[in-house]
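Examining the three-dimensional arrangement
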Amino acid sequence: MKIRLIFILLFGITVKLWSQQTISGFVHDKDRTPLINVQVYWKLARNGVVTDTAGMFSIPLSAKEADTLVFRMVGYRTEYFQLEAGEYDFELSADNTLKGATIDGSQPGMVMTESVGIQSVITAAGLRKSACCNLAEAFETNGAVDVSFSDAITGAKQIRLLGLDGKYVPITFEGLPNLRGLASLYGLSYIPGPFIENISVSKGTGSVTLGYESMTGQINVEYKKPFEMERLHVNGYFNSMTRSELNLVASYRFKKGWSTALFAHGNIFRMHTDRNRDGFLDMPFSHQVNLSNRWVYASEKTEFQAGIKYVWDVKEGGQGAYYRHQGHNDSNSYYRFFLKTHRAEAWLKNGFFWKNKPYKSLAYTMTFIYHDQRGSYGLRPYTGRQTTGYFNSIYQSIIVNTNHKFKTGVSFLYDKVDERFATAGTARTEYVPGVYGEYTFSHREKLDIIAGLRYDYHNLYKHQVTPRLQLKVTPVKDLSLKLSGGRGFRSPNVFADNAFLLVSNRQVVIPATLKPEVSWNGGGGAVYRFQKGKVSGSIGADYFYTWFQNQLVPNMETAGLVAFENVGGASYAHAFQLDFMLEPVKRLQFHLNAKWNDVRSVYNGQRKAVPFIPVYKGLLNVAYSTGGPNPWSFDATVQLNGPARLPLTYNPGTGEANRTRSPVYALLFAQVSKKFRNWEVYIGGENLTDYRQPNPVIDPQNPGSASFDASQVWAPVFGAMAYGGFRYTLKYK
């Protein structure tokens, strides 16, 4: 009864607010493609908004007489209008004279958006702050998420958000499910940096339109679009460890709305590296071929996109002696890691728009993914195969005016996963039809509420209800307060989610029944933007609490054993983050990021900190550009890594316990680049402090023993590394 009264009261308030005078509309380019994050603001009143993911905005009339509404976005002509209240359609034209805005370094590497949720976007400038060879390396200089090595043999990198592993953060490709399941770890290397237009990182459970799997946030990767990207872009890279790669991105624009883009990537690494002389390669040999093609058609009433992608990836590591004497000795005498992956993707998007009603649209998306990986960890074979099919439809419109928007749709997920490791294995086939609805209320740029609810029927786990809520309040100019909360649900993948544990001789114990992982996440934060003269910046702080109703936890507290356990109601994570961005003078930017995490679960009946997660982390990035059409750009990043609890292990030689807490250490990254018209060259270095974890492999002389373990990694395995490369870009005239 109380809930009904509250609903009636809220409905009455919103009806009263319908009469507020606002200007709303749809912002798009010449092909009617929605433009996202366009700045829309009053020239005199100085209050403003940005367009959402559908290119929509709503802003109250200015209190200033004869004020002008400004539309501004990098790469497009700034437009000025004097308008009355109403709904409008706005087209922005590309502006080739704005080249300096994208090459002089003045664009920040990361921005905190004005969206209802707590979201940051890594821009094209941010992607150029390092060599950015793939998605994992795109996060090393901005602190959006944490990046670390997963083990001492495979070279794989893992990410964490809100203190929890990347498996709880769906990684989507332009809103479509992408790196999930078997690709959750090694898949970060399947998206080359030069393919990427930008990366958005959202904290909290997010929108129900994107599914039920988000538990701590979401990472969405936007590829370059053929109708707005360069004609040709070539990127070459080489580092001191002899890793080399070549990227090619090209587009062609046909008449009558059609355009296409081709993406090609190849890399190779074959150098023996064993700086700590433990007999194991510090980095595995690797080869990858990555090809993608996308097509786009746009008209006034429809937009069609489709694409395909193929990845062939091979990784080989382990004892260096095997590769030095390959073909002369029995391979069973050595520890060898080998993994070959074939991955194919196909996707389609189709949207329909109502003429003179830019707020109204119907879209559907489909994706198909086939992922096959097989190899061995020592003498224990591994095979994994996943087939995924996904469909989602979204209808969106308004109730009376654009202060009240809604989305609704249906989805269907087919997921077949089969994993085998040594004598253990898991297999499942999922059929998950779902339906959802989401309501958005906006009031005079002071209050925004997004409330969503979805229902899914899971053939294995039955009825699943996912509520989500986001709220944004702007009490005063330039200050935003945000809250969010909701439920997340996912099916665990025993081996892919915990692949770092496979590089050991621990006995694996899997429970007879694998329960789904279910969590509740809630939190919020504040963002304040300031500008005084030429000095500008922002301060952001947020806190989130994640509580697991059930979590599949790998218990490594017993020597020689990893037991996967369903832990109900006892796992949680507290995560606090502070971001400070400052531009004291033009083209000089500072970014300070600090995090504190308290992540715990139950091991052998005791609640303990989850291993390998630092209690605190810090990052300082300094970037400067000389400006002009051919600038010099300088970038340096310092990472501070706090202590983390380590599982109890023993020195096999002395029987003494190894350290149970990692030390505090720092890493340094730096890069210098110079532009020459269509060319850009860069040199840089990673881990310039040359910090390496001592003895990352336990008992490396006896890889067949029960004590052998290469999974206890908390710092880089290899030391300082230098790199260089070039970028060639040919734009349309």
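Sequence order as written defines the numbering, with residues in each chain counted from 1. pLDDT decides what is reported in this predicted model: residues at 70 or higher carry local features, side-chain atom pairs at 80 or more are listed and counted, and totals for whole chains, interfaces and linings draw on all residues regardless. Side-chain numbers here rest on the full set of heavy atoms in the structure, without hydrogens or water.

**Topic: the overall build of the protein chain**
Broken down by element type, the protein chain carries four helices and 41 strands. At 26 Å, the protein chain has a C-alpha radius of gyration in line with the 27 Å of a compact globule built from 733 residues. By its C-alpha atoms, the protein chain is 80 × 65 × 45 Å across when sized along the principal axes. Out of the 733 residues belonging to the protein chain, those deemed buried represent 56%. Considering only residue pairs separated by 6 or more positions, the protein chain has 64% of its internal contacts joining residues 24 or more positions apart. Here, Shrake-Rupley sampling with a 1.4 Å probe gives the accessible areas, and only protein chains in the shown set may cover a residue. Element-wise, carbon and sulfur atoms account for 60% of the exposed surface of the protein chain, whose accessible area totals about 30500 Å². Seen as two clouds, the 80 positive and the 59 negative side-chain charges of the protein chain have centres 3 Å apart. Numbered from the N terminus, helices here are DSSP runs of H or I no shorter than four residues, and strands are runs of E no shorter than two. The reference for a compact globule is 2.2 Å times residues^0.38; the radius of gyration itself is calculated from the C-alpha atoms. The classification of residues rests on relative accessible area computed with a 1.4 Å probe and restricted to protein chains. Under 20% of the type maximum is buried, over 50% is exposed, and intermediate values are partly exposed. Should any heavy atoms of two residues lie within 4.5 Å, those residues are considered in contact. For the purpose of counting charges, residues Lys and Arg are taken to be positive, whereas Asp and Glu are taken to be negative. His and the chain ends are not included. A charged residue contributes its charge at one atom only: NZ of Lys, CZ of Arg, CG of Asp or CD of Glu.

**Quick look at the sheet that holds strand 6 (residues 79-81)**
When DSSP locates at least two bridges between a pair of strands, those strands are taken to pair. Taking strand neighbours across the sheet as the criterion, the four strands line up as 3-2-5-6 in an open arrangement whose pairing is antiparallel. In the strand order of this sheet, the two ends are held by strand 3 (48-50) and strand 6, each with one partner. Each adjacent strand pair in this sheet contributes to an overall mean axis angle of 15 degrees, direction not counted. As paired elements, strand 2 (residues 39-42) and strand 3 share three bridges and run antiparallel to each other. Looking at strand 3, one finds that Q39 is bridged to V50. Fitted lines through C-alpha atoms serve as axes, helices being fitted only where they are in contact, and the angles separating the N-to-C directions of these axes extend from 0 to 180 degrees.

**Digging into the packing of aromatic side chains**
Here a Phe, Tyr or Trp ring, Trp counted by its six-membered ring, pairs with any other such ring whose centre lies within 6.5 Å, and the pair is stacked when the planes are under 30 degrees apart, edge-to-face when over 60, and tilted otherwise. Evaluated as defined, the whole model comprises 43 aromatic pairs. Ring geometry for F149 against F718: centres 5.6 Å apart, planes inclined by 85 degrees, an arrangement best described as edge-to-face. On the criterion of sequence distance, the pair formed by F149 in strand 10 (residues 146-149) and F718 in the loop between strand 40 (679-686) and strand 41 (721-730) is long-range, its members being 569 residues apart. Classification of F718 as buried rests on a relative accessible area of 11%.

**Looking at the pattern of salt bridges**
For this document, the term salt bridge refers to a Lys or Arg side-chain nitrogen within 4 Å of an Asp or Glu carboxyl oxygen. All chains considered together, the criterion is met by 34 salt bridges. In this structure, K225 engages E197 in a salt bridge whose closest nitrogen and oxygen atoms are separated by 3.7 Å. Here K225, found in the loop between strand 16 (217-223) and strand 17 (232-239), pairs with E197, found in strand 15 (residues 196-203); they are 28 residues apart in sequence, far enough to count as distant. A relative accessible area of 24% means that E197 is categorised as partly exposed.

**Looking at the sheet that holds strand 8 (residues 110-112)**
The strands that make up a sheet are held in pairs by hydrogen bonds between backbone atoms, and each pair lies either parallel or antiparallel. Read from one edge to the other, the open sheet built from six strands follows the order 8-9-15-16-13-14, with strand pairing classed as mixed. For this open sheet the edge positions go to strand 8 and strand 14 (176-179), each flanked by a neighbour on one side alone. Averaged over all adjacent pairs, the angle separating strand axes in this sheet is 30 degrees, with direction ignored. Examined bridge by bridge, strand 9 (residues 118-122) and strand 15 share five bridges and lie antiparallel to one another. From the neighbouring strand, S120 faces strand 15, where its bridge partner is V201.

**Considering unusual backbone geometry**
Notably, T242 is not glycine yet its phi reads approximately 70 degrees, a positive angle. On the secondary structure map, T242 appears in the loop between strand 17 and strand 18 (244-253). With a phi angle near 75 degrees, R587 is a residue other than glycine that sits in the positive phi range. Among the secondary structure elements, R587 is positioned in the loop between strand 34 (571-585) and strand 35 (588-603).

**Thoughts on the pairing of strand 20 (residues 285-298)**
Looking at chain direction, strand 19 (residues 258-269) and strand 20 are connected through 12 bridges and run antiparallel. Paired with T260 across the strands is W295, a residue of strand 20. As paired strands, strand 20 and strand 21 (residues 302-318) are joined by 14 bridges and run antiparallel to one another. Directly across from H287, in strand 21, lies its bridge partner V314. With antiparallel pairing between neighbouring strands as the criterion, strand 20 and strand 21 make up a hairpin whose turn holds three residues.

**Notes on the environment of I199**
With respect to the helices and strands, the residue I199 is situated in strand 15. Assessed through its relative accessible area of 0%, I199 is described here as buried. Along the sequence, I199 and H458 sit 259 residues apart, while their C-alpha atoms lie 30 Å from each other. Not counting the four nearest positions on each side in its chain, I199 is found in contact with S120, V121, I122, L127, L135, A138, F139, I219 and N220.

**Overview of the pairing of strand 24 (residues 380-399)**
When strand 23 (residues 357-377) meets strand 24, the two strands line up antiparallel, connected through 17 bridges. Pairing of F368 across the sheet is with G389, part of strand 24. Linking strand 23 back to strand 24 in an antiparallel pair, the connection comprises two residues, with G378 at a positive phi of about 70 degrees. With 16 bridges joining them, strand 24 and strand 25 (residues 401-421) adopt antiparallel strand pairing. In the strand pairing of strand 25, Q386 is matched with V417. Between strand 24 and strand 25, which pair antiparallel and follow one another directly, the connecting turn spans one residue, one of which, V400, has a positive phi of 75 degrees.

**Some thoughts on a nonpolar patch on the surface**
Each patch groups residues whose relative accessible area exceeds 30% and which form no salt bridge, using 9 Å between like charges and 5 Å between nonpolar side chains of Val, Leu, Ile, Met, Phe, Trp and Tyr. Together, Y528, I539, Y543, F576, L578, W596, Y616, L640 and V664 make up an exposed nonpolar region whose accessible area comes to about 770 Å². Elements represented by at least two residues in the nonpolar patch include exactly strand 32 (535-555) and strand 34. Of note, Y543 is situated in strand 32.

**Quick notes on the nonpolar core**
Generally speaking, nonpolar side chains in soluble globular proteins are found buried as a group. Only buried residues count toward a nonpolar core, which is a set of Ala, Val, Leu, Ile, Met, Phe, Trp, Tyr and Cys residues joined through side-chain atoms within 4.5 Å. Counting residues in hydrophobic clusters, the biggest one holds 99 residues, and the most contacted among them are L135, F139, Y186, I199, I219 and Y377. Not counting residues up to four positions away in its chain, the partners in contact with Y186 are T154, A156, K315, F337, L339, Y377 and A499. Membership of the second largest hydrophobic core comes to 14 residues, among which are V27, W42, L69 and Y76.

**Observations regarding the confidence of the model for the protein chain**
In regions of low pLDDT, the predicted coordinates are not meant to be interpreted in detail. On average, residues of the protein chain carry a pLDDT of 88, and 93% of them reach 70 or more. The pLDDT score gives, residue by residue, the confidence of the prediction method on a 0 to 100 scale. Within the model, pLDDT remains below 50 along residues 96-105, and this stretch shows 21 contacts once partners closer than five positions in the same chain are excluded.

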